[in-house]
Every structure is written in C-alpha cells, then in structure tokens.
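The primary structure of each chain is shown beneath.
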Amino acid sequence: GQSLEQPSEVTAVEGAIVQINCTYQTSGFYGLSWYQQHDGGAPTFLSYNALDGLEETGRFSSFLSRSDSYGYLLLQELQMKDSASYFCAAPLGGYNKLIFGAGTRLAVHP
Amino acid sequence: DVKVTQSSRYLVKRTGEKVFLECVQDMDHENMFWYRQDPGLGLRLIYFSYDVKMKEKGDIPEGYSVSREKKERFSLILESASTNQTSMYLCASSLAMARAYEQYFGPGTRLTVT
C-alpha cells in the first residue's frame, strides 16, 4: 500500500527548534509537500521538495532523502503562532493527486 | 491570492437526505479536489477533477458523487446521507495536473448527519 507516517504529537518551547519527520511508502514517488493547518482553519501549503536536500523558506525548512524514503520539516525560532497541525503529502497517480499523512500536532509552550 | 470558497461552514442534515456541497475557486485552476478530514486519519481524497465534466475517484468515493459543469465550480453530492458521513469536508484546487503538490484549500464544511 501507499502511506506516509508521521508522529501524532510534538511539543516544544518558544524560541526552540523542532523537527517533524515523515517516512513514506509509495510507488512512483515524485516528491514531498508540507502543509500547515491551524485549529478551525484550512490547510495551507508550506513547501515542496522534488529533489533530495534541504529547502529553506524563512524560519521553515524542508528536507528530503529519497534513498531513505524520509523527509522532515524543520521549524526554527518557534513562536506561539506555530502551534498547529502539520501534514506531509506526496503526489501520486501521474502527479494528479496527493496522499496525506495523518498529521502531527505541534504544541509550542512559553 | 487564490480564493477557494465553500457554500456552508456548518451543515446539519438527516439520514437519507440528499446533500450538496458547493466549492468555487477564482483563479482559473485546472484541478479541483474534495477531501474529508477526520481526527487521526488526515485528509482522505473522495474525488477529483482535472477538467470540466471530467472526474476521477479518489480513495473513498463510496456514497459520494461529484459534478463539474464549469471550470470554477466543483460540487460534492451525498446521494443519501448516513451518519458515518459526518465529517469535515474540504475542497481544494491546484493550478494544473503537474502542480497537484501545491493545493489551495477552502475553509471547510463541517457536516453533521443525524
């Protein structure tokens, strides 16, 4: 089957760095996306890694290793507003659709 | 900015009713998607459409149908609502077939079937 696995919950303190991991098992892998969803809100697109390596966008970075079937989202200088659920997702079916992981709930404490 | 709107934020329906959920996007996107979101299960794809009048089943299409008569509008239909269809329904769009990795979501419709 095709699946993406990520931890259900992560806790961190304000100002710290946190890494949210995602391991995948898919056929025809194209890349890995990350989405953020605040409680009661819509998911919003954060990043996409088509190639191995680290992509940096401000405080957020995303990493992909195809050989390890693994990626992660790195959040630096954590702020209270980063408390949200984070989903990894992978395009499938000839790039037409996404399969999502179950999501990681990040709680940032003062 | 891409804007995806959904017809209702909250909806309560009775078992057996026919339910229509409407989604409109304003950025001329080719692809549109319907998901349901349940705690601990993430987002599961119900149906998607890559062109007007074209549709493909997602991972959980049973009990649902869709309609895309205009490019900007994608409707989800529950032919006979059941209690196990109580969920959050999210609509999304993406620019083109090769850009499905970047989707824009509407605010969601929380549907309760009693």
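Predicted model only: the values in this text are computed from it and were never measured.

Thresholds applied
Counting restarts for each chain: residues are numbered from 1 in the order of the written sequence. Working convention: letters from A go to chains and numbers from 1 go to ligands, in the order in which they are written. Given that this is a predicted model, residues contribute local features only at a pLDDT of at least 70 and side-chain atom pairs are listed and counted only at 80 or more, while totals for whole chains, interfaces and linings are drawn from all residues. Heavy atoms from the whole structure form the basis of all side-chain values; hydrogens and water molecules are not counted. Helix numbers and strand numbers start at the N terminus; a helix is a DSSP run of H or I with at least 4 residues, a strand a run of E with at least 2. The globule rule used here is 2.2 Å times the number of residues to the 0.38 power, and the radius of gyration it is set against is calculated over C-alpha atoms. Under the scheme applied here, a residue whose accessible area is under 20% of the maximum for its type counts as buried, over 50% as exposed, and between as partly exposed, the area being computed with a 1.4 Å probe on protein chains only. Note on contacts: a residue pair is in contact if any heavy atoms of the two residues lie within 4.5 Å. Neither His nor the chain ends contribute to the count of charged residues, in which Lys and Arg are positive and Asp and Glu negative. Charge placement uses NZ in Lys and CZ in Arg. For Asp and Glu, CG and CD serve respectively. A pair of cysteine sulfur atoms is labelled a disulfide when the two atoms are within 2.5 Å. A simple way to read buried area is as the amount of 1.4 Å-probe accessible surface that goes missing from two parts once joined, with both sides added. Within 3.5 Å is the distance limit for a polar contact, defined as a pair of N or O atoms, with the added protein rule that one can donate a hydrogen and the other accept it, and that residues adjacent in sequence qualify only through two side-chain atoms. Two rings from Phe, Tyr or Trp (for Trp, the six-membered ring) form a pair when their centres are within 6.5 Å of each other. A pair whose planes differ by under 30 degrees is stacked, one over 60 is edge-to-face, and the rest are tilted. Any two strands are treated as partners once DSSP identifies two or more bridges connecting them. Note on geometry: axes are lines fitted to C-alpha atoms, helical ones only across the stretch in contact, with angles between N-to-C directions running from 0 to 180 degrees. Whenever a carboxyl oxygen of Asp or Glu lies within 4 Å of a side-chain nitrogen of Lys or Arg, that contact is scored as a salt bridge.

**Student:** Would you mind showing me how to read the overall build of chain A here?
**Tutor:** Along chain A, the regular secondary structure elements total zero helices and 11 strands. Its helices and strands in sequence order give chain A the pattern β-β-β-β-β-β-β-β-β-β-β, from N to C terminus. Rg of the C-alpha trace for chain A: 13 Å, near the compact-globule value of 13 Å for 110 residues, within the 12% margin. Taking the principal axes of the C-alpha coordinates as reference, chain A spans close to 45 × 30 × 20 Å. When the 110 residues of chain A are sorted by exposure, 49% land in the buried category. Put simply, 56% of the contacts in chain A that link residues at least 6 apart link residues at least 24 apart. The distance from the centre of the 5 positive side-chain charges to the centre of the 10 negative ones in chain A is 7 Å.

**Student:** I tried to follow the state of the cysteines on my own but got confused; where do I start?
**Tutor:** Each disulfide is one covalent bond, formed between the sulfur atoms of two cysteines. Under the defined criterion, the tally for this structure stands at two disulfides over all chains. Paired by a disulfide, Cys22 of chain A and Cys88 of chain A hold their sulfur atoms 2.1 Å apart. Negative torsions about the S-S bond denote left-handed disulfides, and the value of about 75° found for Cys22 of chain A with Cys88 of chain A makes this one right-handed. Linking Cys22 of chain A in strand β3 (residues 18-25) with Cys88 of chain A in strand β9 (residues 84-92), this pair joins segments that are 66 residues apart in sequence. In this pair, the class of Cys22 of chain A matches that of Cys88 of chain A, namely buried. Note on cysteine connectivity: Cys23 of chain B is disulfide-linked to Cys91 of chain B, with sulfurs 1.8 Å apart. Judged by the sign of its S-S torsion, about -75°, the bond between Cys23 of chain B and Cys91 of chain B is left-handed. Of the two residues, Cys23 of chain B is situated in strand β3 (residues 19-25) and Cys91 of chain B in strand β9 (residues 87-94); the sequence distance between them amounts to 68 residues.

**Student:** Looking at this structure, how should I read the interface of chain B and chain A?
**Tutor:** How big an interface is tends to be stated in terms of the accessible area lost upon association of its parts. Facing 23 residues of chain B, the contacting portion of chain A comprises 17 residues. Here chain B packs against chain A, burying approximately 1700 Å² in sum over the two surfaces, 59% of which is carbon and sulfur. In terms of surface lost to chain A, no three residues of chain B exceed Leu43, Tyr101 and Phe105 of chain B, which account for 33% of the buried area on that side. At the junction of chain B and chain A, the tally comes to five residue pairs in polar contact (both at pLDDT 80 or more).

**Student:** Any chance you could explain the packing of aromatic side chains here in plain terms?
**Tutor:** For any two aromatic rings, the description comes down to two numbers: the centre-to-centre distance and the angle of the planes. For the structure on display, the rule yields 16 aromatic pairs over all chains. Judged by centre distance (5.8 Å) and plane angle (85°), the ring pair of Tyr35 of chain A and Phe105 of chain B falls under edge-to-face. Of the two residues, Tyr35 of chain A is situated in strand β4 (residues 32-37) and Phe105 of chain B in strand β10 (residues 104-105); the pairing between them involves two chains. The burial state of Tyr35 of chain A is the same as that of Phe105 of chain B; both residues are buried.

**Student:** Even after reading the chapter, I still don't get the sheet that holds β3 of chain A, so can you show me in this structure?
**Tutor:** Residues and elements named next belong to chain A. With antiparallel pairing, five strands are arranged side by side in an open sheet as β1-β3-β8-β7-β6. Of all the strands in the sheet, just β1 (3-5) and β6 (53-57) have a single pairing partner and so form its edges. Put simply, the sheet's adjacent strands are angled 20° from each other on average, direction ignored. Judged from the six bridges that link them, β3 and strand β8 (residues 70-75) form a sheet pairing that is antiparallel. When the sheet's bridge partners are listed, Gln19 is paired in β8 with Leu74.

**Student:** Just to check I follow, could you spell out the pattern of salt bridges for this structure?
**Tutor:** Side-chain pairs of opposite charge can arise whenever the charged atoms involved come near each other. All names here are of chain B. Scanning the model with the defined rule gives 10 salt bridges over all chains in all. Here Glu79 and Lys18 are joined by a salt bridge, their closest N and O atoms 3.6 Å apart. One end of the pair, Glu79, is in the loop between β8 (73-78) and β9; the other, Lys18, is in the loop between β2 (10-13) and β3, with 61 residues separating them in the sequence. Assessed through its relative accessible area of 46%, Lys18 is described here as partly exposed. Measuring nitrogen to oxygen at the nearest pair gives 3.9 Å for the salt bridge that ties Arg73 to Glu22. With Arg73 in strand β8 and Glu22 in strand β3, this residue pair connects regions lying 51 residues apart in the sequence. In this structure Arg73 comes out as partly exposed when scored by relative accessible area, which is 38%. Overlapping salt bridges bring together Asp28, Glu30 and Lys71 as one network.

**Student:** Is there a simple way to think about the side chain of Gln37 of chain B in this case?
**Tutor:** Looking at the secondary structure, you find Gln37 of chain B in strand β4 (residues 31-38). Note on Gln37 of chain B: relative accessible area 16%, which makes it buried. Side chain to side chain, Gln37 of chain B and Gln37 of chain A meet in a polar contact 2.8 Å long. Setting aside anything within four residues of it in sequence, one finds Gln37 of chain B in contact with Gln37 and Phe87 of chain A together with Gly42, Leu43, Ser87, Met88 and Leu90 of chain B.

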